[in-house]
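Survey of secondary and tertiary structure
Residues per chain, in single letters:
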Amino acid sequence: MACFPWRVFWIIQALVDVTLCQEIYAPHSIRIEGDLTLGGLFPVHARGVSGEPCGDIKKENGIHRLEAMLYALDQINSDDELLPNITLGARVLDTCSRDTYALEQSLTFVQALIQKDTSDVRCTNGEPPVFVKPEKVVGVIGASASSVSIMVANILRLFQIPQISYASTAPELSDDRRYDFFSRVVPPDSFQAQAMVDIVKAMGWNYVSTVASEGSYGEKGVEAFMQISREAGGICIAQSLKIPHDHKQADFDKIIKQLLETRHARAVIIFAHDEDIRGILNASKRADQVGHFLWIGSDSWGAKYSPIQGLEDAAVGAVTILPKRATVVGFDAYFTSRTLENNRRNVWFAEFWEENFNCKLMSSSKKEDTSRKCTGQERIGTDSKYEQEGKVQFVIDAVYAMAHALHNMQKDLCPNQSGICPEMTGGKKLLKYIRSVSFNGSAGTSVTFNRNGDAPGRYDLFQYQMNINSTPGYKVIGQWTENLQLNIEDMQWPNGEMEVPSSVCSLPCKTGQRKKVVKGMPCCWHCEPCDGYQYQYDETSCKLCTYNMRPNPNRTACQPIPVVKLEWHSPWAVIPVFLAMLGIIATIFVMATFIRYNDTPIVRASGRELSYVLLTGIFLCYIITFVMFAAPDGAVCSLRQIFLGLGMCISYAALLTKTNRIYRIFEEGKMSVTPPKLISPTSQLAITSSLISVQLLGVLIWFGVDPPNAIVDYDELKTLNPDKAQGILKCDISDLQIICSLGYSILLMVTCTVYAIKTRGVPENFNEAKPIGFTMYTTCIVWLAFIPIFFGTAQSADKLYVQTTTLTISMNLSASVALGMLYMPKVYVIIFHPELNVLKRKRSFKAVVTAATMSTRLSHKAAADRPNGEAKTELCENVDPNS
């Protein structure tokens with residue numbers, strides 16, 4: 001690396017030697033004599049085509065800026081306070097908007113610093129060369145394009161010539177290690193890129209494309225924008241496209257076609273030169289996409305008319321950036337007074353005159369699109385449109401910065417001397433003074449440089465507007481000075497849109513939807529609804545609500561699942577409760593009748609003790625209906641566990657005892673006349689109590705293993721649609737526990753049925769076995785229907801209602817069958833036929849058995865001879881105990 005400068009040095013000297021036999025000064029340049037000479041680089045002409053180095057003249061970017069430097073020199077040289085007794089001269093060159101051409105031209109600035117050995121140099125005619133000593137350039141003003149400034153800065157730094165640019169904004173030039181002699185009065189694109197990012201965010205855009213001219217300015221500007229947008233987050237780059245140096249019309253058409261591939265990215269960031277901006281706008285017009293794209297142009301677009309001339313409709317709504325500036329009134333007066341007579345020092349002014357007034361000065365003029373002759377009496381601003389170019393202020397500030405640095409340097413190094421002194425030589429010394437200058441510039445703002453030679457970031461924001469209410473033009477819509485100040489209400493949009501147009505990859509998801517981000521594109525996503533029992537936890541995720549919660553209607557949070565319970569007014573409860581109330585009334589009526597006629601033959605023949613036990617069981621079967629429909633709590637659940645199977649157990653224990661007693665009497669009577677054991681009322685109560693105690697023991701064990709408590713079951717009615725989900729307040733009793741509680745009663749019922757079948761042959765005249773049999777048959781049918789309904793609805797949404805209703809109706813029917821078949825006939829006789837409720841003569845056990853045997857053979861005759869309405873009697877009830 002240490003030898004690199006020397007390689008460059010010899011290359012430069014070789015290039016200089018080639019020009020020794022030619023005119024030492026560039027034929028197309030401006031030279032103004034002075035004590036100190038400043039170099040100037042301006043894009044007087046556009047980039048040439050078809051191998052030509054230069055193209056058409058650039059009126060604004062070229063001539064306006066060049067004249068701004070000449071105007072600043074005039075002002076400084078006429079100022080007695082600034083650089084007294086020192087005159088500034090100039091050597092101004094045309095870069096033709098091309099970096100390689102500018103490099104060749106800038107060699108002129110370093111010729112005076114190169115020691116040449118010309119002893120062996122001869123011209124083509126053999127004569128020794130004639131040398132004119134070139135003037136020494138102390139500093140250079142320029143260049144305009146960043147690519148040109150970068151190329152020139154690499155040469156000037158080798159010869160320690162300070163350089164101040166008025167328009168180069170590439171972030172790369174902020175590298176003080178590579179471009180240590182470069183400074184600029186405009187802020188770098190890193191500030192401009194930050195301003196663009198702030199604009200995009202303020203508009204609510206998150207999906208943009210970028211277009212850059214090939215070269216340092218465009219590529220580095222886009223690179224800075226992309227880097228800042230990545231750091232800021234929330235902005236995605238749809239496409240990043242580049243305009244080639246040697247572009248054709250097809251290149252612009254291709255770029256527009258590529259931009260349309262991501263139609264949602266309407267906002268387009270442009271870091272491009274004037275000609276490239278025109279090419280892009282033209283291509284959008286050819287593609288019939290006027291008004292689709294939302295352009296955000298860099299300072300190379302600024303508030304200039306040259307990029308949009310004839311393409312105004314394609315530029316409507318474009319937001320552009322320009323370093324904060326003010327119109328220099330003095331320059332307007334100066335420039336509009338320039339004529340062909342008083343501005344001969346500008347060698348390109350005649351060409352500008354022809355272009356500006358669309359006329360020809362002489363027949364040999366290169367302007368071929370007009371035949372009108374120039375009179376020389378035309379006036380700028382009167383006979384042609386004039387508006388001060390945006391960078392004029394910065395050209396003036398750059399010249400003044402150089403002048404103030406030289407002034408301070410002269411004061412410090414030549415304190416007792418007027419004019420220049422030998423101590424003022426050396427580019428490093430001048431650079432030190434340049435970086436420390438501070439003065440009020442032509443716009444009234446301070447001109448300063450930071451340690452990298454950059455100016456502070458201050459931008460004006462413009463929008464090109466064109467409507468019937470105002471004249472077309474650029475309108476100031478805000479500013480950026482480290483923070484964005486944007487007047488969105490003053491902005492206008494293409495096609496008459498009233499709201500800020502969108503430039504987003506994906507629209508915001510609706511409430512209750514999560515973003516599924518596209519891989520590699522954080523601004524693009526698909527919206528997926530949070531389904532089921534999920535709610536939107538944040539933008540990108542859904543979470544499941546807890547078991548007792550469900551999402552609210554907009555799925556932004558969870559809310560408690562409503563809890564329901566069996567209600568008295570429910571249709572499911574009306575029928576069971578109605579049956580239970582009728583049953584309770586009937587049971588109380590029967591029991592009251594039996595108590596009232598407790599000592600009558602029919603009541604005694606019915607077995608009073610077991611009848612009361614059986615009626616108690618029937619009463620409990622009806623009562624359980626109210627317990628099953630009561631609001632669950634600890635007490636209710638305890639009653640359910642106790643009485644769920646107890647009523648049936650008491651009923652069927654009493655019936656089993658009765659049928660067993662009948663069966664044993666007749667079986668014993670066939671073999672012996674001795675009465676069987678345990679047939680007395682006391683024995684019957686003991687047997688019944690023992691059977692009931694088994695149920696009570698089971699209930700006691702159940703209490704110990706699983707204490708009764710009320711729970712809210714959220715799973716039973718948890719449907720796929722959370723809006724229909726409900727929690728059920730119920731006792732913590734499973735289906736299996738219900739069946740186990742009823743299982744013992746069912747076992748008693750089945751056993752009783754078996755005995756009823758075995759005693760079906762006992763004569764009707766002597767027992768009530770057959771009514772018991774009919775009762776048991778009917779009861780079995782009821783419970784056979786209950787089991788499939790109960791288990792068949794286990795997965796039903798109305799499981800609780802169906803099962804509870806089925807269970808209570810089954811118990812009501814069982815109790816009603818027993819009550820109706822066993823006791824209603826007796827009550828009927830007791831109340832309506834009291835003449836039949838009389839005592840018959842007592843018979844011995846042997847007589848009873850003999851009569852039963854005979855009646856088996858003569859049953860039909862006995863039935864015929866039996867008086868109508870004779871009460872059925874139970875065997876042994878009329879047996880004489882002493883027989």
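See the structure printed just above.
Presented here is an overview of the structure given in this document. (Residues numbered from 1 in each chain as written. Predicted model: local features only at pLDDT ≥ 70, side-chain atom pairs only at ≥ 80, totals over all residues. Heavy atoms only, no water.)

Turning to the packing of aromatic side chains, a few remarks are in order. Working definition: an aromatic ring pair is given by the centre-to-centre distance plus the angle between the planes. The tally for this structure, following the rule as stated, stands at 24 aromatic pairs. The interplanar angle of 55° and the centroid separation of 5.8 Å between the aromatic rings of Phe349 and Trp353 together place this pair among those described as tilted. Pair noted here: Phe349 and Trp353 are both in helix α11 (residues 349-357), with a separation of four residues, about one helical turn. Residues Phe349 and Trp353 agree in their burial class; the two are buried. Ring geometry for Trp783 versus Phe786: centroids 4.9 Å apart, planes at 75°, classification edge-to-face. Taken together, the residues Trp783 and Phe786, both in helix α21 (residues 769-792) and three residues apart, mark about one turn of the helix. Looking at Trp783, the relative accessible area reads 2%, which means it is buried. Site record: aromatic cluster; members linked through ring pairs are Tyr71, Phe331, Tyr334, Phe335, Phe349, Phe352, Trp353, Phe357 and Tyr386. Between Lys758 and the ring centre of Tyr755, over which it is positioned, the NZ or CZ distance is 5.9 Å. (Phe/Tyr/Trp six-rings, centres within 6.5 Å; stacked < 30°, edge-to-face > 60°. Helix = DSSP H or I, 4+ residues; strand = E, 2+ residues; numbered from the N terminus. Buried < 20%, exposed > 50% of the residue type's maximum accessible area, 1.4 Å probe, protein only. Lys NZ or Arg CZ within 6 Å of the ring centre and 35° of its normal.)

Attention now moves to the sheet that holds strand β8 (residues 182-184). Read across the sheet, six strands follow the order β1-β5-β2-β6-β7-β8 without closing on themselves; strand pairing throughout is mixed. In this open sheet, the two edge strands, each paired with only one partner strand, are β1 (29-32) and β8. Strand-to-strand twist in this sheet, taken as the mean axis angle between neighbours without regard to direction, amounts to 20°. Where helix α4 (residues 146-156) meets the sheet, its contacts fall on β2 (36-42), β6 (137-141), β7 (163-165) and β8, and the angle it forms with β7 comes to roughly 170°. Against the sheet, helix α13 (residues 427-435) touches β6, β7 and β8, its axis set at about 25° to β8. (Pairing = 2+ DSSP bridges. Axes fitted to C-alpha atoms, helices over the stretch in contact; angles between N-to-C directions. Contact = heavy atoms within 4.5 Å.)

Pairing within the open sheet is mixed, and its eight strands lie in the order β10-β9-β11-β12-β13-β16-β17-β18. Strand pairing shows two members of the sheet lacking a second neighbour, β10 (236-243) and β18 (484-486), which therefore form its edges. Averaged over neighbouring strand pairs, the angle between their axes works out to 25° when direction is ignored. Pairing analysis gives five bridges linking strand β9 (residues 207-213) to strand β11 (residues 267-271), with the strands arranged parallel. Paired with Thr210 across the strands is Ile269, a residue of β11. Set on the sheet, helix α5 (residues 189-202) makes contact with β9, β11, β12 (294-297), β13 (319-323), β16 (459-467), β17 (470-480) and β18; between it and β11 the angle comes to about 170°.

Disulfides are covalent bonds that link the sulfur atoms of two cysteine residues. Per the counting criterion, the structure on display carries nine disulfides. Across the disulfide, Cys509 is cross-linked to Cys527 (sulfur-sulfur distance 2.1 Å). Taking the torsion about the sulfur-sulfur bond, which here is approximately -95°, the covalent link between Cys509 and Cys527 counts as left-handed. A residue pair is termed long-range when its members are at least 10 positions apart, and Cys509 in the loop between β18 and β19 (513-518) and Cys527 in strand β20 (residues 521-529) qualify at 18 residues. Overall, the relative accessible area of 34% leaves Cys527 in the partly exposed class. The disulfide partner of Cys637 is Cys731, and the S-S distance across this bridge is 2.0 Å. (Disulfide = S-S within 2.5 Å.)

Structural measurements only, silent on function.
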